[in-house]
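Residue-level structural notes
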Amino acid sequence: STDTIEAARGEDTTVRRLIVRLIIVGLGVWLTLALYLFVWPGQDHPRHAAAIIVLSGDAEHRFPRALALARAGVAPVLVVSDGARSSWPPASRLCAHPSGHRFRVICSRPAPYSTRGEARGALALAERNHWRSLLVVTSTYHVYRARMLFKRCLDGRARVYATGTSASLKWLPVNMAGETIKL
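Bear in mind that the values here come from a model prediction, so they are computed numbers and not experimental data. Position numbers for residues count from 1 along each chain, tracking the sequence in the order it is written. Where local features are concerned, this predicted model is filtered to residues with pLDDT of at least 70; where side-chain atom pairs are given and counted, the filter is 80 or more; whole-chain, interface and lining totals use all residues. Side-chain figures throughout are based on the complete set of non-hydrogen atoms in the structure, without hydrogens or water.

1. Topic: the pattern of salt bridges
Heads up, the condition is: By definition here, a salt bridge exists when the distance from a side-chain nitrogen of Lys or Arg to a carboxyl oxygen of Asp or Glu is within 4 Å. Strands here mean DSSP runs of E at least two residues long; helices mean DSSP runs of H or I at least four residues long; both are numbered from the N terminus. Note on exposure labels: buried denotes an accessible area under 20% of the residue type's maximum, exposed denotes more than 50%, and partly exposed covers the range between, all computed with a 1.4 Å probe on protein chains only.
Enumeration according to the criterion identifies one salt bridge in this entry. We note a salt bridge from Arg-109 to Asp-82, for which the minimum N-O separation is 2.8 Å. Residue Arg-109 is located in the loop between β3 (104–108) and α4 (115–129), and its partner Asp-82 is located in the loop between β2 (77–81) and α3 (89–96); the two are separated by 27 residues in the primary sequence. With a relative accessible area of 55%, Arg-109 lands in the exposed category. Look at Asp-82 and you get buried, because its relative accessible area is 6%.

Here it is as structure tokens:
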């Protein structure tokens, strides 16, 4: 009877160890993939595109990068997703006064309010304006998923380039987990 109890405890311990090992291996695989997809994704650096689209969110990093690219002449058009919102002052100022720049400014509000909505809006603009290439500016952790959604939505109608900006490292684990869930 005690031999049976000890054998059961041994099996229970073995099963627990196996489960713990599987969890550790799973986390290791996820972390490796997450680093590849969200920390060091492939980024594009085109010299020219028909339009630059800056995705909403992370106004501190995304908008200045997109504005610098437009001022450098990478594209004749800058599309600001949700640029008129009041919590994004530089973008809302640009959207309120879109003329007087070396590039055309288009401000749009995605529907639905998501990356998928931004991609659908980009498709409509690309078709209306006959754009053959788009440079999507977003945060580095978002490049992989944004590129995937834009390519899927545009379906070869326009070439999609994506470039990222640095974001706060303190939010990186949250952003990696969130992007994984959204894939």
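2. Thoughts on unusual backbone geometry
Cis peptide bonds are those with omega within 30 degrees of zero, and the linkage from Ala-111 to Pro-112 qualifies with 0°. Inspection of the secondary structure assignment puts Pro-112 in the loop between β3 and α4. Positive phi, normally seen in glycine, also occurs at His-130, with a value near 60°. Examined against the element boundaries, His-130 turns out to sit in the loop between α4 and β4 (133–139).

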